[in-house]
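If you want the building blocks of each chain, they are given just below.
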Amino acid sequence: MGTFELGDNQYGKAETRLVRVDRDGDTHAITDLNVTTTLAGDLAATHLTGDNSGVLPTDTQKNTVYAFARDGVGEIEDFALRLVRHFVTTAPEIKKARVRIEQYSWDRIAATGHSFARGAGTRTTTATCDGESAWVVSGVADLVVLNTTGSEFHGFPRDRYTTLPETHDRILATAVTANWRHAATDRDWAQAFAGARDRLLTAFADTHSLSLQQTLHAMGERVLEGDDDLVEVRLALPNKHHFLVDLAPFGLDNPGEVFHAADRPYGLIEGTVRRSDAPDAGLAWW
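In this report, we go over the structure that sits alongside the text. Keep in mind that this is a model prediction, so the values were computed, not measured.

This brings us to the pairing of strand β6 (residues 172–182). Counting buried positions along β6 gives 9 out of 11 residues, so the element sits mostly inside the fold. By the bridge criterion, 9 bridges tie strand β5 (residues 134–147) to β6 in an arrangement that is antiparallel. Bridge pairing links S138 to W180 in β6. One ladder, built from 7 bridges, connects β6 with strand β7 (residues 230–239); its direction is antiparallel. Note that in β7 the partner of R181 across the bridge is E232.

Taking 1.5 Å of rise per residue, the 13 residues of helix α2 (residues 58–70) would be expected to cover 18 Å, and the 19 Å separating its terminal C-alpha atoms lies within 8% of that figure. Of all the positions in α2, only Q61, T64, V65, F68 and A69 are classed as buried. Angular distribution of buried residues about the axis of α2 spans 130 degrees; they occupy a single face of the element. Along its buried surface, α2 packs onto β1 (11–24), β2 (27–41) and α3 (76–90). At the exit of α2 stands G72, carrying a positive phi of roughly 110 degrees.

This paragraph deals with the pattern of salt bridges. A side chain with one charge can pair with a side chain of the opposite charge if their charged atoms come near. Throughout the structure, instances matching the rule amount to 13 salt bridges. Among the salt bridges present, the one from D59 reaches K62, with a minimum N-O distance of 2.8 Å. Of this pair, D59 and K62 are both found in helix α2, 3 residues apart, which corresponds to roughly one turn of the helix. Judged by relative accessible area, which is 37%, D59 ranks as partly exposed. As a salt-bridge pair, R274 and E232 come within 3.2 Å of each other at their nearest N and O atoms. On the criterion of sequence distance, the pair formed by R274 in strand β10 (residues 267–274) and E232 in strand β7 is long-range, its members being 42 residues apart. The exposure class assigned to E232 is buried, which follows from its relative accessible area of 2%. Salt bridges sharing partners connect three or more residues here, namely R181, E232, R234 and R274.

What counts as what
Here, residues in each chain are numbered from 1, in the same order as that chain's written sequence. Owing to the predicted nature of the model, reporting of local features is limited to residues with pLDDT of at least 70; listing and counting of side-chain atom pairs is limited to 80 or more, with chain, interface and lining totals taken over all residues. Side-chain measures were taken over the full set of non-hydrogen atoms in the model, leaving aside hydrogen atoms and water. Each residue's exposure class comes from its accessible area (1.4 Å probe, protein chains only) as a fraction of the maximum for that residue type: buried when under 20%, exposed when over 50%, partly exposed otherwise. Where helices and strands are cited, they refer to DSSP runs of H or I of at least four residues and of E of at least two residues respectively, numbered from the N terminus. We treat two strands as partners when DSSP finds at least two bridges between them. One less than the number of residues in a helix, times 1.5 Å, gives the span that helix is expected to have. Within this analysis, the arc is defined by the directions that extend from the helix axis to the C-beta atoms. Here, residues are in contact when the closest pair of their heavy atoms is within 4.5 Å. Salt bridge, as applied in this entry: a Lys or Arg side-chain nitrogen positioned within 4 Å of an Asp or Glu carboxyl oxygen.

Written as structure tokens, this is what we have:
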């Protein structure tokens, strides 16, 4: 038998659900988060001998999230940075920490101060810290977008298994997941997020698409062009296929009006756009 050694390892508390209500008289605001904490460091003892003296319980990590929220959450990037810096400075065996946050948006209903409806898209962030440096990645997930025209797909290779017809006019729909890396850890996070999200949407809308890959690259470039502090963006675009329904068996034509929206299988297009002079990513994508 050979010898063995402990490889990379980490642990944490996944998906701590946190809702904070800020009350300003009769007008309330909701912060709705899903928080995942991950810690790594000198943890060989617990793996090799079951010695837990250096293991900060995951329940403690959950409680820390709630306790920190009592002082207010603010922007999720700042909240994540507060948490990662706390973990690496208060737990001796922990050498690096990561906090990932999903924020679910809520839109106020009518003129009430206390009624809300779930908004579109999920704001996200990941902050990491090694005790000396910190990194922040922000983003959005499940941002569903659709163009009813302005999309083509043709000129692809064909073999004996190819049945897909070429098209010069199709529906293009996707659920955008995009994550962008910041060069700084102290900025106006709300403004940066709003600007990046708006540029994603604008690029999707005004790009005449010959492929979803081309659209992805256009969206990534647009995100970076509008903010000098953003250095890299990673995107995942599932192709939400819409197939024209054949109505001929019913004696009807279908001039591009009736479609079947298929949820699976789907094409998944992924890619990265970064500045040529982007600084080293460090632990940003850990």
